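The chain contents come next:
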Amino acid sequence: MRFKYCPDCGSLLTTRALGDEGEVPWCENCDKPWFDMFPCCVISLVYSAKGHVLLLHQNYISPVYMNLVSGYITPGETAETAAVREINEETGLEVSALRHAGTWWFGKKQMLMIGFFAEADDSARLRLSSEVDAAKWVDAAKAPELVHPAGSVSHSLVDLFLESRKNTANQEV
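Given the structure is predicted, the values throughout are model-derived calculations rather than measurements.

Conventions we followed
- Residues numbered from 1 in each chain as written.
- Predicted model: local features only at pLDDT ≥ 70, side-chain atom pairs only at ≥ 80, totals over all residues.
- Heavy atoms only, no water.
- Salt bridge = Lys/Arg side-chain N within 4 Å of Asp/Glu carboxyl O.
- Buried < 20%, exposed > 50% of the residue type's maximum accessible area, 1.4 Å probe, protein only.
- Helix = DSSP H or I, 4+ residues; strand = E, 2+ residues; numbered from the N terminus.
- Core = buried A, V, L, I, M, F, W, Y, C linked by side-chain atoms within 4.5 Å.
- Contact = heavy atoms within 4.5 Å.
- 1 Å grid on protein atoms, 1.4 Å probe; cavity = no way out; pocket = protein on both sides within 12 Å on 5 of 7 lines; lining within 4 Å.
- Points joined across faces, edges and corners; volume = space filled by probe spheres on them.

In this section: the pattern of salt bridges. Counted according to the given criterion, the structure contains nine salt bridges. A salt bridge links R85 to E86; its shortest N-O distance comes to 3.0 Å. By relative accessible area, E86 is classed as buried at 7%. Taking the shortest distance from any N to any O, the salt bridge between K166 and E163 comes out at 3.4 Å. Placement of both K166 and E163 in helix α3 (residues 153–172) is noted, with a separation of three residues, approximately one turn of the helix.

Turning next to the nonpolar core. In terms of nonpolar packing, the biggest core is built from 21 residues, with L45, L55, L68, F117, L157 and F161 touching the most fellow members. Listed by contribution, the elements that provide at least two residues to this core are β4 (40–47), β5 (52–57), β7 (97–106), β8 (111–119) and α3. For L45, the residues in contact, after removing those within four places along its chain, are V53, L68, F116, F117, A118, L157, V158 and F161. Judged by nonpolar contacts, the second largest core, of ten residues, contains V46, L54, L93 and V132.

Okay, the environment of F116 next. Topologically, F116 is positioned in strand β8. Separated by 21 residues in sequence, F116 and W137 have C-alpha atoms that sit 17 Å apart. When sequence neighbours within four positions are dropped, the list of residues in contact with F116 reads V42, I43, S44, L45, A79, E80, A83, L98, R99, H100, A101 and L157.

Attention shifts here to the layout of surface pockets. The computed volume of the largest pocket comes to approximately 660 Å³. Taken together, 23 residues make up the lining of the largest pocket; nearest its centre are I61, S70, F106, K109 and M113. Put simply, the parts of the chain that give the lining of the largest pocket at least two residues each are β4, β6 (69–72), α1 (79–91), β8 and α3. A total of three residues in the lining of the largest pocket trace back to one element, the largest contributor, which is β6.

Turning next to the environment of G51. In this fold, G51 is placed in the loop between β4 and β5. Residue G51 is classed as buried on the basis of its relative accessible area of 8%. In this structure, the C-alpha to C-alpha distance between G51 and W137, residues 86 residues apart in sequence, is 9.5 Å. In contact with G51, other than residues within four places in its own chain, are V138, D139, A140 and R165.

This is the structure in structure tokens:
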């Protein structure tokens, strides 16, 4: 979101060159910049020790593709807390291990996605929220063909997960 008016005093903003930031919205009245804002979200690939990945079907996101668990970070939350909370809210699962996987810019929605790998028990009973139409555990190798196409955040996270599993297997040999 690019500010047009000052959130503090309501004055119409101008622009001002600010160091290496270039032209930024500026409030002449408050004498301060207002940088662009965007939402931060988490996206988690939930996996099991048996090599399964949990995929969700959420019609409001896509009638065709399966999704990973995702959601907005609420004020005061860390990304890690948000990831664990979203997994529990959407699936009822408890996370036994959580690892940061990376960050991706999701241009379609103008948001930063913070990705995680989250381990959970695939024998635990799923309790799906009203946001989730269905969920299923699938073999991790089948996940790329079920999630959004290559280039999407979910596909990138699945690819990264499969690559990390391959690297771990190679190190054990």
